[in-house]
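# Working through the structure, step by step
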Amino acid sequence: MTESATSELARHIRDVALIDQHVHGCWLTAGERSRFENALNEANTQPLADFDSAFDSQLGFALRKHCGPILGLPEHVDPKTYWEHRSQLGETELAERFLAAAGVTDWLVDTGIDSDVAGPAELSALSGGRAHEVVRLEQVAEQAAQAPGDYALAFQELLHQRMATAIGTKSILAYRGGFDGDLTEPSPAQVAQAAKRWRDCGGTRLSDRVLLRFGLHQALRLGKPLQLHIGFGDRDCDLHKTNPLYLLDFLRQSGETPIVLPHCYPYEREAGYLAQAFNNVFVDGGLTVNYLGARAPEFIGRLLELAPLRKIVYSSDGFGPAELHYLGAALWRRGIHRVLHGFVQSGDWAEADAIRVVDLIGHDNAARIYQLEQKGDQSMSKNS
Amino acid sequence: MTESATSELARHIRDVALIDQHVHGCWLTAGERSRFENALNEANTQPLADFDSAFDSQLGFALRKHCGPILGLPEHVDPKTYWEHRSQLGETELAERFLAAAGVTDWLVDTGIDSDVAGPAELSALSGGRAHEVVRLEQVAEQAAQAPGDYALAFQELLHQRMATAIGTKSILAYRGGFDGDLTEPSPAQVAQAAKRWRDCGGTRLSDRVLLRFGLHQALRLGKPLQLHIGFGDRDCDLHKTNPLYLLDFLRQSGETPIVLPHCYPYEREAGYLAQAFNNVFVDGGLTVNYLGARAPEFIGRLLELAPLRKIVYSSDGFGPAELHYLGAALWRRGIHRVLHGFVQSGDWAEADAIRVVDLIGHDNAARIYQLEQKGDQSMSKNS
Amino acid sequence: MTESATSELARHIRDVALIDQHVHGCWLTAGERSRFENALNEANTQPLADFDSAFDSQLGFALRKHCGPILGLPEHVDPKTYWEHRSQLGETELAERFLAAAGVTDWLVDTGIDSDVAGPAELSALSGGRAHEVVRLEQVAEQAAQAPGDYALAFQELLHQRMATAIGTKSILAYRGGFDGDLTEPSPAQVAQAAKRWRDCGGTRLSDRVLLRFGLHQALRLGKPLQLHIGFGDRDCDLHKTNPLYLLDFLRQSGETPIVLPHCYPYEREAGYLAQAFNNVFVDGGLTVNYLGARAPEFIGRLLELAPLRKIVYSSDGFGPAELHYLGAALWRRGIHRVLHGFVQSGDWAEADAIRVVDLIGHDNAARIYQLEQKGDQSMSKNS
C-alpha cells in the first residue's frame, strides 16, 4: 500500500481476520509446470498455446508481486525462479505458508470438484483455521441418480445427511444450461419422470433442467445459504446465460433463504442491484479479484455501488495452487484499501465508517449469514 | 471538493443553476423511520430486513455527508441523530431547506406516481423555482380505460388536455414488460380490440402491449420530449429487459421527437451510444447518481463517453424525502467536478471547454430540448 | 503526459513503433465541413442535427488537443480555426503529416468499404510504412454472387486470389444480423440453395445467414487471421446482437485460426474473457479509443483485465480524416501510459514488465499473429 499505509484504516485492513466464504482445496501432491500454468488460467479448458504463458497476465504479475515475498523471493521475481523455488518446497509446505499468510479464520469449502486436493479437515489442519463444508447440489444429484429407489427421496436423504454438518449449499446451474428460462419448482411427477429418463441414460453428468430446478428448491427449503455460481468461470459455461438478472423470477419466489452470488464478472453491477432488491441476496467478488490483479481495485469499487454494505462478503475461490488462497486475501486487502482510502481522502466517507465496512465485508456479514461464531478479536493474532 | 476547490471550474460548478429534468414530488406529511429508510432503497419493494439499514449504503453515507450540514448537523452525523433531527423539523421545513439548497431553477415533475407528495405547484412554492408537468402515458391510458366511448379517442383527448400545459411525456414501459419485442405503431383496429379486452378485465393496471405501443406513438406525434425509464428501478421491472439497445428499432422510426433516457444504470454506456447514434436521443444519469454516492464520479465519467456533449442532461429523480432532490444536485456537482477537473488537470480538456460543458449539461441542453426560457444569469443567485 | 513524462516507461511508450492491425484508407479528395463532422460521429448514419457539432464530443475535444499541434496550431484550438487551417492544407498534405506522426510501421488495411479513400499502396506511400491488405468476406461474397457458375467455387477462387497477397480476412457479420444464432458450417447443398435464392433476388447486399456462415468457415480454413467486428459501430448494426459471447459456440469449433476482436465497446470485458478462454482469440480496442478521448485510459484499463497480455493488439480503425489514423496512436500512447504508469507507481507491476507489455501490445503480438517480419529496432526512427 503506497498511500497512507500508516493510517488507522490501513492498519485495520492489514490485520483484519477474514472469513473466506467460498473456496476449494489446495493441491497436496507435486505436479508439472504445465499443471501450474493452466491453474492460473480460469477460462481456458485446453493446454495453453505454445506462445503463451499464464505468468504474462494480471494474475501472473500479481502472483510474482505478492507470492514471491511469502517464499522469501523478491517482488516481481521472474517466472523461472519462482517456479523452481516453488517446486523445491512441495505443496504441503506451500499450503502451510500461503494459508497462514491469508489471515483467514474460517474457510467455507465447496467440496464438489472431484480432484486431488485438500478437503475441509486438511485445509483446517494446514491453515490453523476452521473449515466448514459447502455441499454442491449437482454432486448430490449425481449420487442420488446412482442410489436405489425413488430419486427424490434419495436426493433428500443424501442432502440431509451431508447438511447435518455442512454450512450451506452450492449450485453450478451456470454450467448446466445457465439461468435463462423457467426456474420454478417442478412437481413430484415431473421429477420422477425426469429422474427415470436420466437414470436410463446412465445418470452421470446432470444437465436435466427439471432435476436442476428440483435441487435448487430443495436447497431453498433447508434455509441454509445457497451459493450460486455467477459469471466468470471456464468456457464450458455460456457466460451470457449466467447474467444474474435471469434469476429475477427465481429470487422473487425464493423466500428468506440467503442466496449468495460469488465471482460475478462481468455482471458485478447487476449482482449488486439484486443485493439491493432482495433482502436475502448477497454478493461476493471472489475469483475475479485474483484474475484482475492490478485492476482488482476498480472491480471492488464497482461491487461497492448498489449493494447495501451489509450484503457484501469476501472469498478467494482458491483452488489448486495455495497461492490463490493467499492472493485472494492479499489483493482484496489491497483493493479495499485503495477504494475506501479514496472515499475517506475525498471526504465522502468518515474513516470510522470505512473501518466498520471492512469488518462487515471481511467477516461480520458472512458470520451472520452462515451463523458462524466469531471470536472476540477479529484481527489476525500474528499482527495484533 | 478537495481538489482545487478554488479554480474557476470549481466555482462555476458550485454556482451553476440546474434544470432538474426528471423529478417527482417530495413528502409533505410526517412518517415513520421505516418509511424513510425504505425510501432510501430503490430496488427493494419489501420492508428492509431486520439486520439491514438503508443508512449503511452509498446513498446512506452520502446523505449523512451532504444533508447533515444543510440541517446544521456535522458531516457524517450518525443515523440516529440525523433521524431525530429530521423528525423535529417536519417535511415542509425540510423541503424548503433542501429544495432551495439544490440550486435548481426548473423542476420537470413526473406526476404519474399516485402518492401523497407535492405536486408541481407545491414544489414551485416550496423551492422558489419554476415547475413544469411531465405526463405519464400509462396514467393517461388508465384514465382512458375508465372513460366512456372510444378508447383511442378518450386517450387522445385526455393527453391533449394535459399537454396544453405539460412540457413532456413519460413512459414506464420498462415496468410493463420491458423493451424487448415489437414497438411499432398498432393499427386502429388492434387498439380498439385490445382496449375492449382490457376494459372487460377492469381496465386497471396497463400491461397490454398493443396499448403501451399506442401510447408511445401518440407521444411521438405530439413532438414534445418523451422520457423513457431506462434500467435501474425497483425489482418489479425485469432489469435485463430495460437495456435501451432493445429500443433500436423504435428509435429508428421515432422521427424528430426528443427522447430522453434517464437513470440508465447499468446501461449508461449503451444509452450514450444511442445518444450518438440518433439526433433525437438524450441521456441522463438521474437516480443512479444518488444511489452511487461516493462512486457517482465513476458513473458520471462513463456517461461522458460516447454521448455527444450536447446530448446529456441533469436530473435528480428525487421522490419522497426532500433530501433526494438536494442530494442529486450535490452529488452531480461533486462528480462532474471530479471528472472534468481530472480532464483539465491531465491537459485533455481546456478549462474553458469544461466550464461550457457544465452549462450544457446543467441547463442549456435541457432548456433547448424542453424549450424553456432561461434567465440571463444561470448561476444560483445566492452564490453569485 | 503529465505524470512522470521522463520515466523510461514514458519514453518507451512515446517512441514505440506500432502495428496498426485494423485500419481503413484516409481521404484523398477535398470535402465540405459537414463531411468532416459526420466522419467524427461513428454511430449516426444521418447528417448531424443543426443544434449539434461533432467538435463537442470526446473525439472532438481530443482532436483539438492532439491534432492541432501537428498542424502548427495550439492545443484546444477552436473548431473554426481548426477547420479553416485543415481546409487550406488539403487531404494529401494532411495524410502525410498525420500518418507519419502516428509512428506506425505496418498498416493492416481493411479494403472492404467502397469509398473514395486511399488503398494500401497509397497508404504506404503517404506514410512511409508498409501496408498489407485485409480482405472483407462479405465483399468477396458479393463479387461471387455476380460471377458466373457455382457460387461456392467462385467464392473460393476469388478469396484465394486475393489471399495470395492479403494478410487476413474480416467479417462484418455484426452488421448482417449479428452473432446470435447458429454459426456452424452449412452443407454444400444449403450453400447452393441459398446462393441461388440470393442471386435470383439480385445478389447485392449479403444478409443471407447460410452464406455468411459459409464465408466465415472458408476463412477459418485459410488459417490466416480472421477479424470479426465487435460492438461499437454505426446504428445499422443491432449493438446488442454483437455481444461477442454469442460467438462462444463458433469459437469452440474454430480450431487454431487466429480470430481477432476489434472495437468491442461496450463488450470489452466479455472480449477479454474470450481471449483468456481460447488460445486463438485476440482483442483490440481500436475505434473505441478514438471515440472516448479523455476517457480512453479507463477503457484501456478494462482491456487489461482478463485478456492475457500476449493476446491484446493495437489498432486505430482510422477511416476518412487522416486525423483518426494519428489520433488512435496518440490516445493509445497516452492511455497505456496512464494505466501502466499507475500499475508501476502503486508497486503492482515492475517497470520492466510494463515496458515489455507495451512492446507486446504495440507490435510483438500482432507481428506473431500476422507473421510480419519486424525490423531489429521497433522504436520510431525519428525519435530514437
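Residues numbered from 1 in each chain as written. Chains lettered and ligands numbered in written order. Predicted model: local features only at pLDDT ≥ 70, side-chain atom pairs only at ≥ 80, totals over all residues. Heavy atoms only, no water.

Going by what an unreviewed UniProt entry lists, chain A is known as Amidohydrolase-related domain-containing protein and is assigned to Mycobacterium pseudoshottsii.

Scanning the model with the defined rule gives 48 aromatic pairs over all chains in all. Centroid distance B:Phe343 to B:Trp349: 4.8 Å. Interplanar angle 45 degrees. Geometry classified as tilted. B:Phe343 gets classed as buried once you look at its relative accessible area, which sits at 6%. For B:Trp349, a relative accessible area of 2% corresponds to the buried category. Aromatic pair C:Tyr314 and C:Trp332: ring centres 5.5 Å apart, planes at 55 degrees, arrangement tilted. Of this pair, C:Tyr314 sits in the loop between strand 8 (312-313) and helix 15 (322-345) while C:Trp332 sits in helix 15, placing them 18 residues apart in sequence. Accessibility classification places C:Tyr314 together with C:Trp332 in one group, the buried group. Every member of this aromatic cluster is reached through a ring pair, and the members are A:Phe232, A:Tyr265, A:Tyr291, A:Phe299 and C:Tyr273. Of note, C:Arg35 hangs over the ring of C:Trp27, and the distance from its end group to the ring centre comes to 3.6 Å. When the ring centre of C:Phe282 is taken as reference, the NZ or CZ atom of C:Lys311 above it lies at 5.3 Å. (Phe/Tyr/Trp six-rings, centres within 6.5 Å; stacked < 30°, edge-to-face > 60°. Buried < 20%, exposed > 50% of the residue type's maximum accessible area, 1.4 Å probe, protein only. Helix = DSSP H or I, 4+ residues; strand = E, 2+ residues; numbered from the N terminus. Lys NZ or Arg CZ within 6 Å of the ring centre and 35° of its normal.)

Let us look at the interface of chain A and chain B. Every contact between the two is made by 34 residues of chain A and, on the other side, 40 residues of chain B. At the boundary of chain A with chain B, the tally comes to nine salt bridges. The closest approach of N and O atoms between A:Asp353 and B:Arg64, which form a salt bridge, is 2.8 Å. Inspection of the region where chain A meets chain B yields 29 residue pairs in polar contact (both at pLDDT 80 or more). Where the side of chain A that touches chain B is concerned, the elements lending two or more residues are helix 11 (248-252), helix 12 (268-277), helix 14 (296-303), helix 15 (322-345) and helix 16 (351-370) of chain A. Of the residues belonging to the side of chain A that touches chain B, the class tally is 16 nonpolar, six polar and 12 charged. (Contact = heavy atoms within 4.5 Å. Salt bridge = Lys/Arg side-chain N within 4 Å of Asp/Glu carboxyl O. Polar contact = N/O pair within 3.5 Å; in protein donor to acceptor, adjacent residues only side chain to side chain. Nonpolar A, V, L, I, M, F, W, Y, C, P; charged D, E, K, R; others polar.)

To continue, consider the interface of chain C and chain B. How big an interface is tends to be stated in terms of the accessible area lost upon association of its parts. With 40 residues of chain C at the interface, the matching set in chain B holds 34 residues. Among the residues of chain C in contact with chain B, C:Phe51, C:Asp56 and C:Arg235 are the three that bury the most area, contributing 20% of the side total. In this assembly, chain C and chain B are joined by nine salt bridges. With a shortest N-O distance of 2.8 Å, B:Arg310 and C:Asp56 are connected by a salt bridge. Run the count over chain C and chain B and you get 29 residue pairs in polar contact (both at pLDDT 80 or more). Listing elements by their share of the side of chain C that touches chain B, those giving two or more residues are helix 3 (58-70), helix 13 (288-292) and helix 15 of chain C. A total of five residues in the side of chain C that touches chain B trace back to one element, the largest contributor, which is helix 3 of chain C. (Buried area = accessible area lost by both parts, 1.4 Å probe.)

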